[in-house]
Amino acid sequence: MSLLDERFDKLEEEIKKPSFRQNKGLSNEVGYYIFDYPAESELEVRKRIEYIKNKNETSSDDYKIKVFDLYDIMTEILESKGRLDKCFDIEKRNGFEKLSYGVTSMLRVSSTNGLIVKYIEERVEEKNIVFVTGIGKCFPIIRSHTVLNNLHMVIDNVPVIMFYPGKYTGQELILFNEIKDDNYYRAFKIVE
């Protein structure tokens, strides 16, 4: 059994605990967690998350796991607003940097009233455990620290676990083990 499999087994044990779902033992901190993993294990992580979600759907557990893939949300919003095809044209004509700036602005990514945060907020119910995925797929348009900070302002009643392709030191995130983010995080590392 690999280390990643062992960590996922521990994760499944942890989320089953009522104290985890009630955010007990966190010094009154909201239950925000980061599950970091080697970026090269992305496909394995996706499969395991899908497995956990499907297992939960058919179980008698008193909670439901909701998985939110940031990339899928971003493309769904762009498509629903009729802007996805325009994004391809903008990138062809003006490059990725211009596209990134335009999409970030349109989605209001840095706002607690941003479209991605609202999308998640509107779909979270009591007794959910939120899994946030797709961090690497939507980088650099959507930054994980921005999502965490803004979600923290609107979702405070259910645990949120961000699956992060890189390293979380307990204070900083290092995407793909190469790109260091200069922000301090107040999230807990879910399992070692």
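Notes on the structure follow.

Criteria and cut-off values
Residues numbered from 1 in each chain as written. Predicted model: local features only at pLDDT ≥ 70, side-chain atom pairs only at ≥ 80, totals over all residues. Heavy atoms only, no water. Buried < 20%, exposed > 50% of the residue type's maximum accessible area, 1.4 Å probe, protein only. Helix = DSSP H or I, 4+ residues; strand = E, 2+ residues; numbered from the N terminus. Contact = heavy atoms within 4.5 Å. Pairing = 2+ DSSP bridges.

**Description of helix α7 (residues 115-123)**
Owing to its 3.6 residues per turn, the α-helix aligns residues three or four sequence positions apart on the same side. Those residues of α7 lying buried are Leu115, Ile116, Val117, Tyr119 and Ile120. On its buried face, α7 is in contact with β2 (64-69), α4 (70-80), α6 (96-107) and α9 (144-154).

**Overview of the pairing of strand β4 (residues 160-168)**
Within β4, eight of the nine residues are buried, leaving the element largely enclosed by the surrounding structure. Sheet analysis places strand β1 (residues 32-37) next to β4, joined by six bridges and oriented parallel. Bridging across to β4, Ile34 finds its partner in Met162. In this sheet, β4 lies alongside strand β3 (residues 128-133) in parallel orientation, the contact comprising three bridges. Bridged to Val132 within β4 is Met162.

**Side note on unusual backbone geometry**
Cis peptide bonds are those with omega within 30 degrees of zero, and the linkage from Phe139 to Pro140 qualifies with 5°. Here Pro140 is to be found in the loop between α8 (135-138) and α9. Not every positive phi belongs to a glycine, and Arg108 is a case in point at roughly 50°. With respect to the helices and strands, the residue Arg108 is situated in the loop between α6 and α7. Even without being glycine, Lys127 reaches a positive phi, approximately 70°. Along the chain, the position of Lys127 falls in the loop between α7 and β3.

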